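# Working through the structure, step by step
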2 protein chains.
Amino acid sequence: MAKSSANIRLVHVKRACEECAVRRLCLPTSLAESDLESLSSLVQRRGPFQKGDLIYRAGEDFNSLFALQSGSVKTYGLTHDGEEQITGFHLVGELLGMDAIGNEVHPCNAIALETTWVCEMPYAKLSELAELVPGLQREMFRVLGKEIRQDEHALMLVRRLRAEQRVMRFLNSLYQRMRERYGLIEEIPLPMSREDIANYLGLAPETLSRALTKLRNDGVIDVTTRSVRFLDMVAVCRLAC
Amino acid sequence: MAKSSANIRLVHVKRACEECAVRRLCLPTSLAESDLESLSSLVQRRGPFQKGDLIYRAGEDFNSLFALQSGSVKTYGLTHDGEEQITGFHLVGELLGMDAIGNEVHPCNAIALETTWVCEMPYAKLSELAELVPGLQREMFRVLGKEIRQDEHALMLVRRLRAEQRVMRFLNSLYQRMRERYGLIEEIPLPMSREDIANYLGLAPETLSRALTKLRNDGVIDVTTRSVRFLDMVAVCRLAC
DNA sequence: CGCTTGCTTGACTGCGTTCAATCATTGTGG
DNA sequence: CCACAATGATTGAACGCAGTCAAGCAAGCG
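Now for a description of the structure that goes with this document. The structure presented is a predicted model; accordingly, all values stated were derived computationally and were not measured.

In the neighbourhood of DNA strand D, 16 residues make up the surrounding shell, with R210 and T213 of chain A together with A163, T207 and R210 of chain B lying closest. Within 4 Å of the protein, atoms of DNA strand D come from sugar and phosphate in 58% of cases. A distance of 3.5 Å is found between a phosphate oxygen of DNA strand D and a backbone nitrogen or oxygen belonging to G202 of chain B. Every element with two or more residues in the surface near DNA strand D is listed here: α5 (194-201) and α6 (205-217) of chain A together with α6 (205-217) of chain B. The greatest single-element share of the surface near DNA strand D, amounting to four residues, is contributed by α6 of chain A. Classifying every residue of the surface near DNA strand D by side-chain character gives three nonpolar, five polar and eight charged.

Here's what the structure looks like:
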């Protein structure tokens, strides 16, 4: 499953955060320039991870958080009977590994969905720094709180919804997150497979496929293998909100 | 729904944390005695909340986290069409309100399931204190990480599982949490209604009822209105793990 | 004691799963 | 560059689990 990671390099970038194109989406959001420097100094950029490469593995010692600098990632756990269970898809600027904080090991696997670079931040150093830099502590609490909110929200959604609604909520949440990153966009890219989406939504791939086809026939969306476009925003809102 | 809260008192308890029976389950777990004192000083004990009383309301300004000192609580949000969606049941020692960190307002309601006391901890003071007391910061990160892990775990469970399995996982997770608190117990109390459990598991109340009946007929559990007892631990394990 | 509320049981319907076949895409070796 | 294999996505048909509606039962409370 995981391809060779022989070509993954560790790149030391001076002013990694200061000059990062996605810093406003990441931990540095509300840090003072002076504090940014100390954060930058403990960041190690790693990549390129190719599609299918593991960024970290469930059961592996937890040492670092990873900020997604480019690309996209899925995280998943394994059920007792060996089934993959996807816990989330992650976009540029998002933090990976938070579910391991306070744990010895990572509870999930993280795997690249496309060519991906991450910024590794050793957790021990990060929390040390957070003691010295109140802004960083606040930011970390904020990010953790947001993660909890999102997970709870996902829990609320996935349970009682019809297949079509689950799909539209998923697409809409992707759309919103893409908008934060790239502004108004026409096409929402889908770096993950249908199987992954279905798994994430708790549906059979066939059911997902049928739902997408129906939504296209109803003129709500236009969908290709690796992208979606919203056509009827009223219907999108009705189904996703 | 919410009863009068006229009788809810604010009690200032000196050495609130030092002398708390459930401190080992709460934030103070790994704090030094000296640090405990400062934490204690910002705790305000509130109660008694009676069954049905709101502890905080969705949309209310977020100011404080609440540690559950006695009793039990459910948290829930409202969907766009006004449906209650339960996000969690909370036992003694657990922290409420973490999903509001980094937000202006509480995203969920918290309501007492039985007579309940909480320890209110103003978030601003708590995070200030966490800057001074590294142990507290570490502990808070730990608790937040654990919450994320639990939510992700819940997400993994609820999606693809059959009704019977969902029920057993739920009962088992309650059992594990009760064991942490009260050691080996025979009876698992169920302070919440069937409707609440069904809602939490994404099932119709009728389906939950049928599942419980089947599990009883199969000799796996013994169940009364407000409690469950595990009879066949092998079957419990098979269904819940 | 009767009322109310919550829980359980029954019958039926329908959505999503499963199994199977076809179609589309991607990548590979000749 | 094309043929072909392999993988992923879609479509079809039948089944089964859980939802819905409705009625009966138990428990709690005035």
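There is more to say after this.
Taken together, 16 residues lie near DNA strand C, and A163, T207 and R210 of chain A together with R210 and T213 of chain B sit nearest. Taken together, the sugar and phosphate atoms account for 62% of what DNA strand C places within 4 Å of the protein. Contact distances for DNA strand C include 3.0 Å between a phosphate oxygen and a backbone N or O atom of A204 of chain A. Note that a base nitrogen of DNA strand C is positioned 3.0 Å from one of the side-chain N or O atoms of E206 of chain A. Top contributing element to the surface near DNA strand C by residue count: α6 of chain B, with four residues. Along the lines of polarity and charge, the residues of the surface near DNA strand C split into three nonpolar, five polar and eight charged.

Further remarks concern the packing of aromatic side chains. Scanning all chains against the criterion turns up 15 aromatic pairs over all chains. Each member of the aromatic cluster is reached from another via a ring pair, and the members are F62, Y123 and F141 of chain A together with F62, Y123 and F141 of chain B. Sitting over the ring of Y76 of chain A, K74 of chain A keeps its end group 5.4 Å from the ring centre.

Listed per partner, the contact involves 47 residues of chain B and 47 residues of chain A. For the pair chain B and chain A, the summed buried area comes to about 4200 Å², and 58% of that belongs to carbon and sulfur atoms. If you sort the residues of chain B by the area they bury against chain A, F141, R159 and R160 of chain B come out on top, with a joint share of 19%. The interface formed by chain B and chain A holds zero salt bridges in total. For the pair chain B and chain A, the interface holds twelve residue pairs in polar contact (both at pLDDT 80 or more). Residue assignment for the side of chain B that touches chain A shows that the elements contributing at least two residues are β5 (73-78), β6 (84-90), α2 (123-132), α3 (134-160) and α5 (194-201) of chain B. A per-class count over the side of chain B that touches chain A returns 24 nonpolar, twelve polar and eleven charged.

Definitions and cut-offs
Residues numbered from 1 in each chain as written. Chains lettered and ligands numbered in written order. Predicted model: local features only at pLDDT ≥ 70, side-chain atom pairs only at ≥ 80, totals over all residues. Heavy atoms only, no water. Near = heavy atom within 4 Å. Polar contact = N/O pair within 3.5 Å; in protein donor to acceptor, adjacent residues only side chain to side chain. Helix = DSSP H or I, 4+ residues; strand = E, 2+ residues; numbered from the N terminus. Nonpolar A, V, L, I, M, F, W, Y, C, P; charged D, E, K, R; others polar. Phe/Tyr/Trp six-rings, centres within 6.5 Å; stacked < 30°, edge-to-face > 60°. Lys NZ or Arg CZ within 6 Å of the ring centre and 35° of its normal. Contact = heavy atoms within 4.5 Å. Buried area = accessible area lost by both parts, 1.4 Å probe. Salt bridge = Lys/Arg side-chain N within 4 Å of Asp/Glu carboxyl O.

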